[in-house]
Amino acid sequence: MAQVTFRDESASGRPLEEFTLPGLPDRITARELLRLRVREEVARYNAAPSPRFNGLVKPDDAEVELNGYRMRAARRIDWERQADIAERAFARNGFLLLVGDRQIEGLDESIDLTADPVISFVKLVPLVGG
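As the structure is a prediction and not an experimental result, all values here were calculated from the model.

1. Some details on the overall build of the chain
Across its full length, the chain carries 2 helices and 10 strands. Seen in sequence order, the chain has helices and strands lined up from the N terminus as β-β-β-α-β-β-β-α-β-β-β-β. In terms of overall dimensions, the chain is globule-like: its C-alpha atoms have a radius of gyration of 14 Å, near the 14 Å expected for 130 residues. Seen through its C-alpha atoms, the chain measures out along the principal axes to roughly 40 × 40 × 25 Å. Looking at the 130 residues of the chain, the share that counts as buried comes to 39%. Partitioning the contacts of the chain with sequence separation of at least 6, the portion at a separation of at least 24 is 52%. Surface summary for the chain: the accessible area is close to 7300 Å², and the carbon and sulfur share equals 50%. Counting 19 positive and 22 negative side-chain charges, the chain places the averaged centre of each group 6 Å from the other.

Given below as structure tokens:
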């Protein structure tokens, strides 16, 4: 079983958030890894809902803030809905998924977690006017 560190980074490479999950399989698809990450961050939020959500993608009815999202009201979030949003964001280049120094191009790619235990998510910010 592998232990993996999920790390959010800015486009300039500055670390924003990080957490570690033990007990993952040695090989996993990028889709399974993405959904697992989202499920974990939503579970952590739902354990103690607050006005701020620091997750990979914006929940419904939330407003974008610096390095997170402001919830209109503290409420439970549906992790499957968030995971679907994350998959669509990946397809639209809303963030990059890096395993070690390799960029993941598709969610069906297989990842060896024993070789690359750090998974980086680089959030991309759309340019104003284009």
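Moving on from the coordinates now.
2. Quick word on the sheet that holds strand β4 (residues 52–53)
One key point about sheets: their strands pair by backbone hydrogen bonds, in either a parallel or an antiparallel sense. Ordered by their spatial adjacency, 3 strands build an open sheet running β4-β6-β5, and the pairing between neighbours is antiparallel. Because the sheet does not close on itself, it has two edges, and the strands there are β4 and β5 (62–65).

3. Describing helix α1 (residues 30–47)
Owing to its 3.6 residues per turn, the α-helix brings residues three or four apart onto one side. With 18 residues, α1 extends 26 Å from end C-alpha to end C-alpha; this agrees with the ideal 26 Å at 1.5 Å per step. A30, L33, L34, R35, L36, R37, V38, E41, V42, Y45 and N46 are the residues of α1 that are buried.

4. Structural notes on the pairing of strand β7 (residues 95–99)
Only one face of β7 is covered, namely the face carrying F95, L97 and V99; the face carrying L96 and L98 is uncovered. Sheet topology places β7 next to strand β10 (residues 118–123); 5 bridges connect them, and they run antiparallel. Looking across to β10, one finds that L96 is bridged to V122. With 2 bridges connecting them, β7 and strand β8 (residues 102–103) associate as antiparallel partners. Across the sheet, residue V99 finds its bridge partner in β8, namely R102. Between the antiparallel neighbours β7 and β8 lie 2 residues, among them G100 with a positive phi of about 65°.

5. Section: the layout of surface pockets
Reported here for the second largest pocket is a volume of approximately 220 Å³. E17, F19, E41, R44 and N54 are the residues nearest the centre of the second largest pocket, which is lined by 13 residues in total. Elements with a minimum of two residues in the lining of the second largest pocket: β1 (2–9), β2 (15–24), α1 and β4. Examining the composition of the lining of the second largest pocket, we find that 4 residues originate from one element, α1, more than from any other. A breakdown of the residues in the lining of the second largest pocket according to their chemical character gives 4 nonpolar, 1 polar and 8 charged.

Parameters at a glance
- Residues numbered from 1 in each chain as written.
- Predicted model: local features only at pLDDT ≥ 70, side-chain atom pairs only at ≥ 80, totals over all residues.
- Heavy atoms only, no water.
- Helix = DSSP H or I, 4+ residues; strand = E, 2+ residues; numbered from the N terminus.
- Rg over C-alpha atoms; globule rule 2.2 N^0.38 Å.
- Buried < 20%, exposed > 50% of the residue type's maximum accessible area, 1.4 Å probe, protein only.
- Contact = heavy atoms within 4.5 Å.
- Areas by Shrake-Rupley, 256 points an atom, 1.4 Å probe, with all protein chains shown as cover.
- Lys, Arg positive; Asp, Glu negative; His and termini not counted.
- Charge placed at Lys NZ, Arg CZ, Asp CG, Glu CD.
- Pairing = 2+ DSSP bridges.
- Expected span 1.5 Å × (residues − 1).
- 1 Å grid on protein atoms, 1.4 Å probe; cavity = no way out; pocket = protein on both sides within 12 Å on 5 of 7 lines; lining within 4 Å.
- Points joined across faces, edges and corners; volume = space filled by probe spheres on them.
- Nonpolar A, V, L, I, M, F, W, Y, C, P; charged D, E, K, R; others polar.

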